[in-house]
Amino acid sequence: MLGITYSARRVQKKKSMMIHSRTALAERFFSGNSATYEQIANFSSLGLDGWWKRKIVSQIPHNPTRILDQACGTGLLTFRIAQRFPHCRILGVDLQDEYLGIAKEKARALELTTVEFIHGKVEDVVLEGDFDCVTSCYLAKYADLTLLVNNAHEMLREGGMLIMHELTYPTRALYALFWHIHFKFLQAYGTWKYPEWRIALDELPACLKETVWIDELVDALKVNKFSDINIEYLAFGASAIVSARK
Ligand SMILES: C[S@@+](CC[C@H](N)C(=O)[O-])C[C@H]1O[C@@H](n2cnc3c(N)ncnc32)[C@H](O)[C@@H]1O
């Protein structure tokens, strides 16, 4: 009995160390490179980033009044949501102040008053009120998904949606081969063109091969009794959108 408790504690401790190191990874990947983030997102995804974001926006429930965009970065997804739903209040949260600085500057330039930004770790930002939707794009592999889903359950109204988009490692051998060639190209030409992205481009493939974010997310959604859990693989399994309803 004691042995089981001890090993359960070790598993718990290992998991919390892994989650701690996930945030550290995000801090390493996204430091000193906010100025070229939007270029690298478009370049490294071969232009698919915009299409993926349109797909996320298309899954948001009709006539929303409050949306939380977690790990909003420079606001690429946040501003698409704001344009699609001009009467909705949107809150963006991100770890990196330098990314938020760009997002805030854009909101000022666009004279958008429906968008606000909060500096912080998404796991720590639990807000009051009935949100219609909690979105994120490229967050899942860096986050504590158990905690995020618990928090989303607390913040969403009944019927509200959680929508997460993130990169994945293709399961089919042929697609995986193209995926590896693509990353080799990014690590050569991409890091020459954007040297400030070297750490992220070098370490991303291993990170994506290791992550089990979809399994973790679906388990947490089931524990919190979300319904309509849907997984949509995109671009030959190079990314996926997971959505669910509270
Ligand atoms: C690749 S960017 C994505 C930005 C934006 N969602 C988009 O699609 O363009 C990833 C962002 O996640 C943020 N991030 C990662 N882990 C986070 C966490 N635990 N809490 C808040 N932000 C986080 C990073 O600071 C970074 O700005």
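First things first, this report covers the structure right here in the doc.

The rules behind these values
Residues numbered from 1 in each chain as written. Predicted model: local features only at pLDDT ≥ 70, side-chain atom pairs only at ≥ 80, totals over all residues. Heavy atoms only, no water. Buried < 20%, exposed > 50% of the residue type's maximum accessible area, 1.4 Å probe, protein only. Helix = DSSP H or I, 4+ residues; strand = E, 2+ residues; numbered from the N terminus. Pairing = 2+ DSSP bridges. Right-handed = clockwise from strand over helix to strand, strands pointing away. Near = heavy atom within 4 Å. Polar contact = N/O pair within 3.5 Å; in protein donor to acceptor, adjacent residues only side chain to side chain. Areas by Shrake-Rupley, 256 points an atom, 1.4 Å probe, with all protein chains shown as cover. Nonpolar A, V, L, I, M, F, W, Y, C, P; charged D, E, K, R; others polar. Patch = residues over 30% accessible without salt bridge, like charges linked within 9 Å, V, L, I, M, F, W, Y side chains within 5 Å. Salt bridge = Lys/Arg side-chain N within 4 Å of Asp/Glu carboxyl O. Contact = heavy atoms within 4.5 Å. Axes fitted to C-alpha atoms, helices over the stretch in contact; angles between N-to-C directions. Parallel < 35°, antiparallel > 145°, perpendicular 65-115°, else oblique. Left-handed = near helix turned anticlockwise from the far one by under 90°.

1. Concerning the pairing of strand 5 (residues 156–167)
Counting buried positions over the 12 residues of strand 5 gives 10, a clear majority of the element. Sheet analysis places strand 4 (residues 131–137) next to strand 5, joined by six bridges and oriented parallel. Bridging across to strand 5, Ser 136 finds its partner in Met 164. For the crossover from strand 4 across helix 6 (residues 145–155) to strand 5, the handedness is right-handed. Strand direction decides the pairing type here: strand 5 and strand 7 (residues 239–245), joined by seven bridges, are antiparallel.

2. Concerning the site of the ligand
Around the ligand, a shell composed of 20 residues is seen, among which Tyr 37, Lys 53, Ala 71, Asp 94 and Val 122 lie nearest. Separating an oxygen atom of the ligand from a side-chain N or O atom of Lys 53 is a distance of 2.8 Å. Glu 123 has a polar side-chain atom sitting 3.0 Å from a nitrogen atom of the ligand. Contact with the protein chains hides 98% of the accessible area of the ligand, taken as 600 Å² for the molecule alone. Classifying every residue of the shell around the ligand gives 13 nonpolar, three polar and four charged.

3. Quick word on a nonpolar patch on the surface
The grouping of Leu 174, Leu 177, Phe 178 and Ile 181 at the surface amounts to a nonpolar patch, some 420 Å² of accessible area in total. By secondary structure assignment, the location of Leu 174 is in helix 7 (residues 173–193). Residue classification places Leu 174 among the exposed residues on the basis of a relative accessible area of 52%.

4. Describing the side chain of Thr 191
Here Thr 191 shows up in helix 7. Classification of Thr 191 as buried rests on a relative accessible area of 2%. Of the polar contacts made by the side chain of Thr 191, one reaches the backbone oxygen of Ala 188; its length is 3.3 Å. Ignoring sequence-local partners within four residues, the contact set of Thr 191 consists of Leu 186, Arg 198 and Leu 201.

5. Here's the deal with the packing of helix 7 against helix 8 (residues 198–210)
Each pair of packed helices can be summarised by the angle the axes make with each other and by the distance between the axes. Where helix 7 meets helix 8, the axes come as close as 8 Å, and the angle between the chain directions of the two elements is 165°. Comparing their axes, helix 8 and helix 7 come out roughly antiparallel. Considering the relative orientation of helix 7 and helix 8, their crossing is left-handed. Residues Trp 179, His 180, Phe 183, Leu 186, Gln 187, Gly 190 and Thr 191 of helix 7 form the contact with helix 8, whose participating residues are Arg 198, Leu 201, Asp 202, Leu 204, Pro 205, Leu 208 and Lys 209. Looking at the contact of helix 7 with helix 8 residue by residue, the class counts come to seven nonpolar, four polar and three charged.

6. A short note on the sheet that holds strand 3 (residues 115–119)
Within a sheet, each strand pairs with its neighbour through backbone hydrogen bonds, oriented either parallel or antiparallel. A sheet is described by the order of its strands in space; here seven strands give the open sequence 3-2-1-4-5-7-6, paired in mixed fashion. The strands lining the two open edges of the sheet, one partner per strand, are strand 3 and strand 6 (227–234). With direction set aside, neighbouring strand axes in the sheet form an average angle of 15°. By the bridge criterion, six bridges tie strand 6 to strand 7 in an arrangement that is antiparallel. Its bridge partner lying in strand 7, Tyr 233 is registered against Ala 240.

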